[in-house]
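These are the residues of each chain, in order.
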Amino acid sequence: MRSVRGRRPCGRPGLSALLLVALALSACGGAKPTATAPPPTATTAAAASSPTTAATATATPRAAAGASPAGTPGTPATPAGAATPGAPLKAGHVEYGFNVFLGGNAESADLNSTTMAKVHEAGFGWVRVQLQWSEIEPSPGKYATAPYDTIIAAASQGGTKVLVSVVKSPDWASPSRHGALPEDTAAFGRTMGYLAARYKGRVQAWEIWNEENLAGEVGGKVQIAPYFDTLKAAYGAVKAADPTAFVLFGGLTPTGVNDPSVAVDDTVYLREFYQYQNGAGRAYFDALAAHPGSAANPPDTKYPENPGSGECPQIAIDRNNAKPGTCWRDAPDFYFRRVEDERAVMAQAGDADKQIWLTEFGWDSCQGLPAPKGYEYCLLTSEQQQAQYLTQAFQIAKTQWPWMGVMFIWNLNYAATPYIKTDDEKYGWSLLVTDWRERPAYQAMKALPK
């Protein structure tokens with residue numbers, strides 16, 4: 001999650017584009033640190049030494065929608081010229097997934113086999129990885145698939161289901177957005193059709209972009225029309241190539257900011273998406289992805305009616321120049337149950353038949369470790385609390401949220417690799433840490449009834 005708020009900007013950097021992109025995802029909570037490239041041996045998804053040529057995509061996407069003005073609220077309508085969608089695909093009620101760090105080169109075999117063994121040992125049936133379009137198609141029609149072939153082969157072994165998050169346009173497809181949302185959405189559709197056909201049977205779900213309510217993720221300014229066009233092109237292409245594959249609306253990140261040059265609040269963005277072109281966007285996704293930010297608040301709390309409480313180690317927080325006194329409890333976007341607010345927007349738009357999938361969620365625990373600047377709330381959560389909160393989160397979803405689909409914990413194993421050190425903010429989220437030590441949270445997830 002890369003959410004941004006005026007008094008609490010937060011974000012996890014993408015990992016090196018050529019070295020470490022199996023999952024350059026994020027969890028909400030702190031100032032955006034500078035991405036640091038790991039050593040050359042630390043490849044995950046895109047360490048191809050040279051592109052390989054592949055055939056043109058087999059699926060032709062639907063024509064991209066024009067950037068017409070936002071529609072007015074009202075009864076959602078099927079867009080002109082689009083096929084009437086069938087019922088949205090649904091996963092089982094509450095399925096279990098991990099965000100995982102996997103490698104895309106020959107040296108990654110041990111990392112990949114150990115990671116997937118830990119996925120299976122925990123009884124989890126899904127993993128989520130990320131694919132950068134800019135790396136898989138550096139020039140039009142020339143696909144460099146070898147590293148991603150390795151990643152997806154490892155991820156899908158043993159019958160594990162795979163969700164792929166697709167991000168980062170090549171410059172040739174987004175010349176003025178510099179790698180963000182595509183301007184050539186027809187090209188994006190062709191590529192999504194190619195990928196859906198290539199990985200049919202091994203990739204069960206495609207998440208279209210990541211946190212598109214942040215300006216840094218979309219190319220400078222948060223707007224509905226460019227994402228609508230991107231989602232529409234992807235949906236048509238994926239469904240033509242693999243009708244059984246899920247297409248997910250990219251996970252929104254909670255943020256209290258409403259400045260399109262920085263970020264747009266997740267519920268505001270979602271409401272405007274449903275209003276755009278009189279609700280036409282409903283036709284182009286099976287489920288909504290979400291990235292609820294929990295800070296250090298227990299999963300059953302919610303602002304303002306039941307805010308989190310407890311001791312706040314103010315000296316440690318002040319040492320890192322965080323704003324004193326808040327402890328990340330004074331706004332709805334600091335809470336796991338923020339997803340209920342997004343669900344309410346879906347229901348108001350007449351889209352309650354769809355599931356929500358949590359494609360990133362978790363609790364950051366760094367007691368006894370350096371507190372990364374901007375992520376100081378990790379000091380408030382012990383390893384035992386991390387385990388307790390994750391367990392409670394699944395219980396809440398199973399007993400109170402009949403609309404919940406797959407829940408992907410951020411993250412399984414980043415801290416178990418040699419590339420993530422104890423002062424890296426990604427360390428505290430991991431359930432497996434240095435030397436593959438199992439934290440209590442991993443043991444609790446293994447013990448959960450599935």
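Residues numbered from 1 in each chain as written. Predicted model: local features only at pLDDT ≥ 70, side-chain atom pairs only at ≥ 80, totals over all residues. Heavy atoms only, no water.

Caption draft 1: Summary view of the overall build of the protein chain. Regarding its fold elements, the protein chain presents 11 helices and 12 strands. Every one of the 450 residues in the protein chain was classed for burial, and the buried ones make up 61%. Looking at the protein chain alone, contacts between residues at least 24 apart form 75% of all its contacts between residues at least 6 apart. Carbon together with sulfur atoms contributes 53% to the accessible area of the protein chain, which is approximately 15,600 Å² in total. (Helix = DSSP H or I, 4+ residues; strand = E, 2+ residues; numbered from the N terminus. Buried < 20%, exposed > 50% of the residue type's maximum accessible area, 1.4 Å probe, protein only. Contact = heavy atoms within 4.5 Å. Areas by Shrake-Rupley, 256 points an atom, 1.4 Å probe, with all protein chains shown as cover.)

Caption draft 2: Geometry of the nonpolar core. M192, W206, F249, F361 and F394 are the most contacted members of the largest nonpolar core, which has 94 residues in total. The biggest single contributor to this core is helix α6 (residues 224-241), with 10 residues. Every residue in contact with F361, bar those within four places of it in the chain, is listed here: P292, F336, L390, A393, F394, M407, F408, I409 and W410. A295, F334, A415 and I420 belong to the second-largest nonpolar core, a separate cluster that totals 18 residues. (Core = buried A, V, L, I, M, F, W, Y, C linked by side-chain atoms within 4.5 Å.)

Caption draft 3: Structural view of the pairing of strand β5 (residues 246-252). Summarising burial for β5: seven of the seven residues are buried, a large majority. Note: strand β4 (residues 205-210) against β5, five bridges, orientation parallel. For E207, the partnering residue across the bridge sits in β5 and is L248. Inspection of the sheet shows β5 paired to strand β8 (residues 287-290) by three bridges, in the parallel sense. Within β8, the position partnered with F249 by the bridge is L288. (Pairing = 2+ DSSP bridges.)

Caption draft 4: Representation of unusual backbone geometry in the model. Here the residue pair Y303 and P304 is connected by a cis peptide bond, since its omega of 0 degrees sits within 30 degrees of zero. Note on placement: P304 falls in the loop between β8 and α8 (314-319). The amide bond that connects W410 to the next residue, N411, takes the cis arrangement and shows omega of -10 degrees. Turning to its location among the elements, N411 is positioned in the loop between β10 (404-409) and β11 (432-433). Its identity is not glycine, yet A295 carries a phi of approximately 50 degrees, on the positive side. Its place among the elements puts A295 in the loop between β8 and α8. With a phi close to 65 degrees, W436 is a non-glycine residue in the positive phi region. In this structure, W436 sits in the loop between β11 and β12 (437-438). The exposure class assigned to W436 is partly exposed, which follows from its relative accessible area of 23%.

Caption draft 5: Just the packing of α6 against helix α7 (residues 266-275), in detail. The N-to-C vectors of α6 and α7 enclose an angle of 65 degrees; their axes lie 10 Å apart at closest approach. In terms of orientation, α6 lies roughly perpendicular with respect to α7. Remark: the crossing between α6 and α7 carries right-handed chirality. Seen from α6, the contacting residues are I224, Y227, F228 and L231; seen from α7, they are Y269, E272 and F273. In the contact of α6 with α7, the residues fall into six nonpolar, no polar and one charged. (Axes fitted to C-alpha atoms, helices over the stretch in contact; angles between N-to-C directions. Parallel < 35°, antiparallel > 145°, perpendicular 65-115°, else oblique. Left-handed = near helix turned anticlockwise from the far one by under 90°. Nonpolar A, V, L, I, M, F, W, Y, C, P; charged D, E, K, R; others polar.)

Caption draft 6: Highlighting helix α4 (residues 185-198). Between its first and last C-alpha, α4 extends 20 Å over 14 residues, near the 20 Å set by a 1.5 Å rise per residue. Among the 14 residues that make up α4, 10 are buried, leaving the element largely enclosed by the rest of the structure. Buried within α4 we find T185, A187, F188, G189, T191, M192, G193, Y194, L195 and A196. The inward-facing, buried residues of α4 abut β2 (126-132), α2 (133-136), β3 (161-167), β4 and α6. (Expected span 1.5 Å × (residues − 1).)

Caption draft 7: The arrangement of the confidence of the model for the protein chain in detail. Across the protein chain, pLDDT averages 82, with 77% of residues at or above 70. Here residues 1-84 is modelled with pLDDT under 50, and outside its nearest four sequence neighbours on either side it reaches 272 contacts, counting other chains as well. Per-residue pLDDT stays below 50 along residues 318-322; that stretch engages in eight contacts with residues further than four places along the chain or on separate chains. (pLDDT = per-residue confidence, 0-100.)

Caption draft 8: Examining the packing of aromatic side chains more closely. In this structure the tally under the stated criterion is 34 aromatic pairs. Aromatic pair F249 and F285: ring centres 5.2 Å apart, planes at 65 degrees, arrangement edge-to-face. Remark: F285 occurs in the loop between α7 and β8 and F249 occurs in strand β5; sequence separation between them is 36 residues. In this structure F285 comes out as buried when scored by relative accessible area, which is 2%. Members of the aromatic cluster, joined through ring pairs, are Y96, F98, F124, F336, F361, W363, Y389, F394, W401 and W403. The aromatic ring of F285 is capped on one face by K354, whose charged end is 3.5 Å from the ring centroid. (Phe/Tyr/Trp six-rings, centres within 6.5 Å; stacked < 30°, edge-to-face > 60°. Lys NZ or Arg CZ within 6 Å of the ring centre and 35° of its normal.)

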